[in-house]
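Geometric and topological summary
For reference, the chains in residue letters:
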Amino acid sequence: MANQYLISGSEMLEARPGFKLVGREDALKRLTSILIRSNANSVLVFGPGGVGCSALVLGLQALKAEPDAPFDIVRKRFYWVDTDCLFSLQDDEQIGAEFAKILGLMKRTPDSVLIISDAKVFVESARSTGNSHLINSLILAIKQGLTQVILEGRDDDLELVFRCHPHVQEAFTMMELAEPDMDALRAIASFGAERLTGNHGI
């Protein structure tokens, strides 16, 4: 698959060498269980800013390399939309045309999952460029079972996201990511300390 506005999961991991999802095993299992359903398998992951929604979703790609990864996850193909690049186009009609190409590629790619890292940015950018129909197209593709979508958003942005389309809550399974508990925080801190020691001798 070649599209300049999509970033593959392997490319995302290459950009973050040494990435490992720590302290979020239960959340990853929840997210995985939603994605492998036959229905209601698109997800809106939300939580407070900085809680780790993006890391959790990237953990799906990392999970594929694990020996005990569920086969239904291993065969999925994760693609992130480069929203900055897409909405930086000067021609508003071209933005709509390029997003249509993205959805077309997703529809033709078996087990594809389209990931939008910031729901608020996507919604506001679509509206400001006169491309509100992008949201309609996304919801329609989900409802027709043509692709799966993961949206990431903050608690504060949910009202905006819900207002952008009357069927958002119907199209997406809501998954709230809470702040990690004390045991998870210890694991995260220990992993970070190991990386800092290895990289910087701290």
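Owing to the predicted nature of the structure, the values given are computational and were not obtained by experimental measurement.

1. What to know about the pattern of salt bridges
Following the criterion strictly, the structure yields five salt bridges and no others. Here Lys143 and Glu170 are joined by a salt bridge, their closest N and O atoms 3.5 Å apart. You can see Lys143 sitting in helix H8 (residues 133-143) and its partner Glu170 sitting in helix H10 (residues 168-171), a full 27 residues away along the chain. Here Lys143 falls in the partly exposed class, since its relative accessible area comes to 43%. A relative accessible area of 55% means that Glu170 is categorised as exposed. The salt bridge partner of Arg163 is Glu159, with a shortest N-O separation of 3.3 Å.

2. As for the packing of aromatic side chains
Evaluated as defined, the whole model comprises two aromatic pairs. Centroid distance Phe87 to Phe122: 5.9 Å. Interplanar angle 70°. Geometry classified as edge-to-face. Here Phe87 is found in helix H5 (residues 83-87), whereas its partner Phe122 is found in helix H7 (residues 119-128), with 35 residues between them in sequence. Note on accessibility: Phe87 and Phe122 belong to one class, buried. Given a relative accessible area of 2%, Phe122 falls into the buried group. Here a set of aromatic residues connected by ring pairs shows up, and it is made of Phe87, Phe99 and Phe122.

Rules of the game
Residues numbered from 1 in each chain as written. Predicted model: local features only at pLDDT ≥ 70, side-chain atom pairs only at ≥ 80, totals over all residues. Heavy atoms only, no water. Salt bridge = Lys/Arg side-chain N within 4 Å of Asp/Glu carboxyl O. Helix = DSSP H or I, 4+ residues; strand = E, 2+ residues; numbered from the N terminus. Buried < 20%, exposed > 50% of the residue type's maximum accessible area, 1.4 Å probe, protein only. Phe/Tyr/Trp six-rings, centres within 6.5 Å; stacked < 30°, edge-to-face > 60°.

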